[in-house]
There are 2 protein chains.
Amino acid sequence: MSDEFGGSNASDEPGGARERRYHVDGELIPAGEATVRVDDRGFRYGDAAFETLRAYGGAIFEWDAHADRLERTCETLAMDHGRSRADLRARIDETLDANDLTDAYVRLSITRGVQPGKLTPRSEVDPTVVVVVKPLPRGGLDGEPVWDGPATVRTVETRRIPDEAVPAGAKTHNYLNGILARTELRGSDADEALLCDLDGNLAEGATSNVCFVDDGTLHTPSTDGPVLPGITRRVVLELAEAADVPVREGRYVPEDLRNADEAFLTNTTWELRPVDAVDGRRVGGGPVAERLTRLFDERVDERCY
Amino acid sequence: MSDEFGGSNASDEPGGARERRYHVDGELIPAGEATVRVDDRGFRYGDAAFETLRAYGGAIFEWDAHADRLERTCETLAMDHGRSRADLRARIDETLDANDLTDAYVRLSITRGVQPGKLTPRSEVDPTVVVVVKPLPRGGLDGEPVWDGPATVRTVETRRIPDEAVPAGAKTHNYLNGILARTELRGSDADEALLCDLDGNLAEGATSNVCFVDDGTLHTPSTDGPVLPGITRRVVLELAEAADVPVREGRYVPEDLRNADEAFLTNTTWELRPVDAVDGRRVGGGPVAERLTRLFDERVDERCY
């Protein structure tokens with residue numbers, strides 16, 4: 001899961017939305033008037049695939065990986081929306097242009113549109129395509145990170161939905177599992193909830209993948225479990241391997257994380273975000289997290305500038 | 001789960017929606033223009049509670065039970081929407097009046113509305129309340145049932161989401177679990193998917209509860225498992241007990257259903273719908289199902305006319 005927009009750099013003031021324009025069904029619409037029909041399956045059922053993307057200097061970071069994952073989500077949902085990758089990309093670019101944005105948060109959603117009032121989806125789909133953007137200045141090599149500060153994390157009772165029920169690899173508008181996890185944090189100082197699978201193994205944060213470092217090895221829960229194959233996660237693992245940091249994808253329990261030397265969360269918006277504390281136990285970032293953050297920033301530089 | 005609208009009596013022709021009016025955020029709006037903002041959490045995350053109701057002769061059948069369940073769903077979602085039961089009911093009644101409907105399908109939804117772009121919901125909620133209606137003539141004592149014919153049912157690979165991940169008692173806009181189950185039926189003659197829990201026990205249909213009769217006893221999966229406490233299910237169990245039909249809520253496997261003397265599905269729209277076949281094995285309705293159907297029709301008569 002990864003759909004978080006936040007941090008002090010994020011321009012989410014009420015006035016901002018009035019000026020902004022979103023892309024809905026082929027048209028650029030003022031954000032406050034950008035709507036979908038209540039009969040749309042995206043509203044009725046959360047029957048929609050989406051991706052959160054980052055534009056840096058006008059370029060979409062890891063576009064191919066996001067487009068691939070969106071395609072896999074649509075395959076899982078048996079949603080043959082008929083829109084090409086180039087078409088979707090053009091809508092994103094038009095939206096960024098219309099808002100005069102080069103550094104932005106982008107959310108691309110595709111729903112199965114309006115169909116007769118049955119749960120069973122029809123094969124013929126007239127999809128609803130929505131592009132939402134918000135200004136999001138790059139942190140980058142010398143800048144400030146997008147998050148307010150390191151994360152404070154808590155493991156929660158809510159368990160991650162098993163793949164047998166809804167595959168975790170599908171990034172959809174059905175987000176209540178993560179919302180229930182986050183509501184468990186009320187009254188605590190934590191700002192990210194860590195979900196375990198039904199057997200008590202560490203899965204992921206409500207909107208992030210989790211990584212930790214122990215004795216110099218980078219560990220992260222394997223996507224064999226109910227874990228979203230995060231794109232930032234994958235880039236970080238690649239960068240670690242290229243930098244000769246030992247990497248292990250495995251099965252862990254929260255205790256492993258609490259005892260780690262370093263820990264950080266990854267998602268498209270946060271990039272790498274250090275974990276200050278887990279369940280009240282101080283963990284913090286460290287040299288490996290810092291090195292990977294620098295390598296990540298360099299990768300963004302290479303690819304987007 | 002129970003959100004199906006269908007059958008030959010259902011007025012779902014494209015022209016119908018043009019004339020119809022829905023209730024959105026306090027206003028009656030032509031159905032085709034009834035929308036929610038793409039920033040609404042109901043669209044972004046399926047972060048919404050809902051109920052499917054039936055109006056018979058202008059009266060809402062089992063209103064208190066639906067309002068109670070909606071309240072429980074909102075509690076599960078930690079959504080304190082601040083709208084009274086009377087307020088919600090008034091919106092339903094206004095919508096029925098505006099459409100000159102006395103026999104209708106009604107869908108009442110409450111979302112957490114638009115909030116800043118974070119997954120964590122805020123406690124202060126300005127909810128979006130939506131009422132969708134469609135004409136649905138009563139089958140009733142001498143009429144035709146609302147479904148096209150008996151159900152053909154198939155058990156599917158998709159497993160029901162366990163309560164530890166998202167409680168089955170919460171009726172929400174996160175419906176992909178049922179949609180994935182239904183898409184498994186493509187290419188078969190089945191029109192309802194039967195989901196088991198992770199241990200292979202029978203749970204429920206994608207939009208219905210399942211009941212079966214064996215040696216004169218009425219059986220249905222217990223709501224201790226991941227089973228929506230259907231209101232039609234509960235009414236049927238009460239009617240059975242009052243009529244001295246032995247009732248057992250328990251744990252069953254699909255084989256129990258395939259070997260049953262009679263089987264039927266329940267939901268608000270279908271009422272009681274006989275099951276013709278399960279996994280290709282003929283089951284059918286029978287005397288107990290017919291008797292309970294008659295008692296159900298009489299109950300609607302008593303309560304709504």
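By convention here, each chain's residues receive numbers from 1 onward along its written sequence. The lettering of chains begins at A and the numbering of ligands begins at 1, in the order of writing. For a predicted model such as this one, the threshold for reporting local features is a pLDDT of at least 70, and the threshold for listing and counting side-chain atom pairs is 80 or more; totals across whole chains, interfaces and linings nevertheless cover every residue. Side-chain numbers here rest on the full set of heavy atoms in the structure, without hydrogens or water.

Enquirer: Which residues make up the interface of chain B and chain A, and what are the values?
Expert: A common way to express how large an interface is: the accessible area buried when the components associate. Every contact between the two is made by 66 residues of chain B and, on the other side, 66 residues of chain A. A per-residue breakdown of the area chain B buries against chain A is headed by Phe-43, Leu-119 and Leu-176 of chain B, which together make up 14% of the total. Each reported salt bridge corresponds to a side-chain nitrogen of Lys or Arg within 4 Å of a carboxyl oxygen of Asp or Glu. For the pair chain B and chain A, the interface holds 0 salt bridges. Numbering goes from the N terminus for both helices and strands, where a helix is a DSSP run of H or I of at least four residues and a strand is a run of E of at least two. If one sorts the elements of the side of chain B that touches chain A by residue count, helix H5 (residues 176-183) of chain B sits on top with 7 residues. Its residues assigned to classes, the side of chain B that touches chain A comprises 28 nonpolar, 19 polar and 19 charged. Pairing analysis gives 3 bridges linking strand S3 (residues 35-37) of chain A to strand S3 (residues 35-37) of chain B, with the strands arranged antiparallel. Across the sheet, the residue bridging to Thr-35 of chain A is Arg-37 of chain B, located in S3 of chain B. Note on contacts: a residue pair qualifies if any of its non-hydrogen atoms lie within 4.5 Å across the two residues. When two parts are brought into contact, each loses some accessible area as probed by a 1.4 Å sphere; the total of that loss over both is the buried area. Nonpolar residues are Ala, Val, Leu, Ile, Met, Phe, Trp, Tyr, Cys and Pro. Charged residues are Asp, Glu, Lys and Arg, and all others, Gly as well, are polar. Between any two strands, pairing holds if DSSP finds at least two bridges.

Enquirer: So what's going on with the nonpolar core? Residues and values would help.
Expert: Residues Ile-92, Leu-96 and Leu-108 of chain A together with Ile-92, Leu-96 and Leu-108 of chain B are the most contacted members of the largest nonpolar core, which totals 76 residues. Setting aside its immediate chain neighbours within four residues, Ile-92 of chain A contacts Leu-53, Ile-60, Trp-63, Val-106, Leu-108 and Val-131 of chain A. Counting residues in each nonpolar core, the second largest holds 21 residues, with Tyr-56, Val-236, Leu-239 and Ala-243 of chain A among its members. Definition of nonpolar core: a set of buried residues of the types Ala, Val, Leu, Ile, Met, Phe, Trp, Tyr and Cys, connected through side-chain atoms within 4.5 Å. Classification of residues uses two cut-offs on accessible area relative to the type maximum, computed with a 1.4 Å probe and protein chains only: under 20% is buried, over 50% is exposed, and between them is partly exposed.

Enquirer: Please set out the sheet that holds strand S5 (residues 59-60) of chain A residue by residue, giving values where relevant.
Expert: All names here are of chain A. Taken together, the 6 strands give an open sheet; going across it, the order is S2-S1-S7-S6-S4-S5, and neighbouring strands pair in antiparallel fashion. For this open sheet the edge positions go to strand S2 (27-30) and S5, each flanked by a neighbour on one side alone. Pairing geometry for strand S1 (residues 21-24) and S2, over 4 bridges, is antiparallel. Bridge pairing in S2 links Arg-21 to Pro-30.

Enquirer: Please set out the pattern of salt bridges residue by residue, giving values where relevant.
Expert: For the structure on display, the rule yields 44 salt bridges over all chains. The closest approach of N and O atoms between Asp-87 of chain A and Arg-91 of chain A, which form a salt bridge, is 2.6 Å. Here the residue Asp-87 of chain A and the residue Arg-91 of chain A both occupy positions in helix H4 (residues 85-98), the gap between them amounting to 4 residues, near one helical turn. Accessibility expressed as a relative area gives 24% for Asp-87 of chain A, which makes it partly exposed. Of the charged contacts in the structure, one is a salt bridge between Asp-301 of chain B and Arg-138 of chain B, with a shortest N-O distance of 2.7 Å. With Asp-301 of chain B in helix H8 (residues 287-304) and Arg-138 of chain B in the loop between strand S7 (128-135) and strand S8 (151-159), this residue pair connects regions lying 163 residues apart in the sequence. On the basis of relative accessibility, which here comes to 27%, the residue Asp-301 of chain B falls in the partly exposed class. The exposure class assigned to Arg-138 of chain B is buried, which follows from its relative accessible area of 18%. Shared partners join several salt bridges into a network, and the residues in it are Glu-62, Arg-234, Glu-238, Arg-299 and Arg-303 of chain A.

Enquirer: Talk me through the packing of helix H3 (residues 63-76) of chain A against H4 of chain A; I want residue IDs and the actual numbers.
Expert: Angle between the axes and distance between the axes are the two parameters that describe a pair of packed helices. All names here are of chain A. The angle between two axes is taken between their N-to-C directions and runs from 0 to 180 degrees, where each axis is a line fitted to C-alpha atoms and a helix contributes only its stretch in contact. Their axes nearest at 11 Å, the elements H3 and H4 cross at an angle of 120°. By the angle between their directions, the pair H3 and H4 is classed as oblique. The chirality of how H3 crosses H4 is right-handed. On H4, the residues that touch Trp-63, Asp-64, Ala-67, Asp-68, Leu-70 and Glu-71 of H3 are Arg-85, Leu-88, Arg-89 and Ile-92. Residues of the contact of H3 with H4, tallied by class, amount to 5 nonpolar, no polar and 5 charged. Under this scheme an angle from 65 to 115 degrees is roughly perpendicular, one under 35 degrees roughly parallel, and one over 145 degrees roughly antiparallel; angles in between are oblique. Handedness of a crossing is defined here by the sense of rotation of the near helix relative to the far one, left-handed for an anticlockwise turn of less than a right angle and right-handed for a clockwise turn.

Enquirer: Summarise the pairing of strand S10 (residues 202-205) of chain B; cite the residues concerned and give the values.
Expert: Residue and element names in this part refer to chain B. Pairing of strand S9 (residues 192-196) with S10 involves 3 bridges; the strand directions are antiparallel. Paired with Leu-194 across the bridge in S10 is Gly-205. Connecting the antiparallel pair S9 and S10 is a turn made up of 5 residues, with Gly-200 showing a positive phi of about 90°.

Enquirer: Give me the lowdown on the sheet that holds strand S5 (residues 59-60) of chain B, citing residues and values where you can.
Expert: Residue and element names in this part refer to chain B. Within the open sheet, the 6 strands sit side by side as S2-S1-S7-S6-S4-S5. Their pairing is antiparallel. The sheet is open, and its two edges are formed by strand S2 (27-30) and S5, each paired on a single side. Two strands pair when backbone bridges link them, and strand S4 (residues 48-56) and strand S6 (residues 104-111) are joined in this way by 8 bridges, in the antiparallel orientation. Looking across to S6, one finds that Arg-54 is bridged to Tyr-105. Packing against the sheet, helix H3 (residues 63-76) makes contact with S4, S5 and S6, and its axis sits at approximately 175° to S4.

Enquirer: How would you summarise the relation of the copies chain B and chain A if you had to cite specific residues and measurements?
Expert: The two chain copies are related to each other by a rotation about an axis together with a translation along it. Between chain B and chain A, which share one sequence, the superposing operator has a rotation angle of 180° and an axial displacement of 0.0 Å; the RMSD is 0.0 Å. Taken together, the rotation and translation relating the two chain copies correspond to the operation of a two-fold axis. By residue overlap, the copies meet face to face through one surface: 100% of the interface positions of chain B are interface positions in chain A. When the copies are superposed, the least-squares fit draws on C-alpha atoms of residues that have pLDDT of at least 70 in both.

Enquirer: Could you give an account of the side chain of Thr-111 of chain B, with specific residues and numbers?
Expert: Residues and elements named next belong to chain B. With respect to the helices, strands and loops of the structure, Thr-111 is situated in strand S6. For Thr-111, a relative accessible area of 0% gives the class buried. Here the side chain of Thr-111 touches Asp-40 through a polar contact of 2.7 Å, side chain to side chain. What qualifies as a polar contact is a pair of N or O atoms within 3.5 Å, subject to a donor-acceptor requirement within protein and to the restriction that residues adjacent in sequence count only when both atoms come from side chains. For Thr-111, the side chain forms a polar contact with the main-chain nitrogen of Gly-113, separated by 2.8 Å.

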